[in-house]
Amino acid sequence: MRIAFIGDIVGRPGRKIIKENLAKIKKEYEIDFVIANGENASHGFGLTTTSCSELLKAGIDLITGGNHSFDKKKDMMVLLETANVLRPDNYPEGLVGSGIKVCDVQTANGIEKLAVINLMGQFAMPTVENPFNWAKKLVSKLKEEEIKNIFIDFHGEATSEKRIMLMMFKNQVSAICGTHTHVGTDDLQIFENTAYLTDIGLTGCRDNVIGMDSKIPIQKATTGIGGHFEVPNSCKSILQMMVIDIEDGKAQSSFKIKKYCNNPKLFITEAFID
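Let us look at the structure shown here. These numbers were taken from a predicted model, which means no experiment stands behind them.

## What about helix H5 (residues 159-169)?
Every buried residue of H5 is accounted for by Glu161, Lys162, Met165, Leu166 and Phe169. Take H5 and look down its axis: the buried residues cluster within an arc of 145°, on one side only. Along its buried surface, H5 packs onto strand E5 (110-120), helix H4 (131-144), strand E6 (150-155), strand E7 (175-179), strand E8 (189-191) and strand E9 (194-197). Following H5 by one or two positions, Asn171 has its phi on the positive side, about 70°.

Written out as structure tokens, the structure is:
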């Protein structure tokens, strides 16, 4: 099974570069299943039904979320019950939706099961249940159901929390990839059969501040006075994707693809095996 994970999609530029490139990348690299974090896909904050439909039609199979999942609350309430959309599973109990889905993935060898888990960290984030204890319960249940292929999108601010997740679940899950900071890290690796990347980085504008026009972030940093963050209509964009080969629940290889707008080349980073 070859799966791919796309980083935080930010606004129209993020959706645009996916629509223009994802189908070609999927075909060239024979990717069986695509997961993407879409909590910033609509105007930079949240996910609307229209944006969701656009991304699914572009070739994304499942959309995960984070602290902005409910910024477009009305739309999200519908999407969580009708579409392949997750929100962090460790949000307080009683909330609509789920952060775990077992998917049937068509591969060259037939249908295989893939469990996707969406969790959120605790540092500088909204109120959630302890993600580490929550993950233990989820992974244990999946193992009881004999589901071996497991991918975790861990949406968190702190790099240490993401690394803790790896240390806890190495050799138990197939891959762990961090989201939220919009800044890609340089630590792609396979650690005891688990592919890992602290943060995949954003898919969207790359010539400003984490996908947003730089005017308001600069104003807030220099004066303390904030404002409404805007996604630029025109910018230099980037698509960032982690690709993982999984066999019998274990990561066999992994690489990261970077696609810059108006550049015909794809930049590939291979994972190192520790």
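## Here we look at the environment of His182
For His182, the position within the fold is in the loop between E7 and E8. Separated by 163 residues in sequence, His182 and Lys19 place their C-alpha atoms 20 Å apart. Not counting chain neighbours up to four residues away, the residues in contact with His182 comprise Asp8, Val10, Asn40, Asp199, Gly201, Leu202 and Ile210.

## What to know about the pattern of salt bridges
Evaluation of the coordinates by the stated rule reveals nine salt bridges. Glu20 is the salt-bridge partner of Lys16, the closest N and O atoms lying 2.7 Å from each other. Taken together, the positions of Lys16 and Glu20, both in helix H1 (residues 11-28) and four residues apart, correspond to about one turn of that helix. Judged by relative accessible area, Lys16 falls into the partly exposed class, the value being 45%. In this structure, Lys141 and Glu145 form a salt bridge, with 2.6 Å as the shortest nitrogen-oxygen distance. Given the relative accessible area of 39%, Glu145 is considered partly exposed. What you see here is one network of salt bridges that share partners, running through Arg15, Lys19 and Glu54.

## A word on the state of the cysteines
Counted by the stated rule, this structure contains one disulfide. Shown here is the disulfide that connects Cys205 with Cys235, its sulfur atoms set 2.0 Å apart. Taking the torsion about the sulfur-sulfur bond, which here is approximately -80°, the covalent link between Cys205 and Cys235 counts as left-handed. Residue Cys205 is found in strand E10 (residues 204-205), and its partner Cys235 is found in the loop between helix H6 (215-223) and strand E11 (237-247); the two are separated by 30 residues along the sequence. Overall, Cys235 belongs to the partly exposed group, its relative accessible area being 21%. For the unlinked cysteine Cys103, the closest cysteine sulfur is that of Cys52, found at 14 Å. For Cys103, a relative accessible area of 6% gives the class buried. Sulfur of Cys261: no disulfide; nearest cysteine sulfur belongs to Cys235 and is 6.9 Å away.

The rules behind the values
- Residues numbered from 1 in each chain as written.
- Predicted model: local features only at pLDDT ≥ 70, side-chain atom pairs only at ≥ 80, totals over all residues.
- Heavy atoms only, no water.
- Buried < 20%, exposed > 50% of the residue type's maximum accessible area, 1.4 Å probe, protein only.
- Helix = DSSP H or I, 4+ residues; strand = E, 2+ residues; numbered from the N terminus.
- Arc of directions from axis to C-beta.
- Contact = heavy atoms within 4.5 Å.
- Salt bridge = Lys/Arg side-chain N within 4 Å of Asp/Glu carboxyl O.
- Disulfide = S-S within 2.5 Å.

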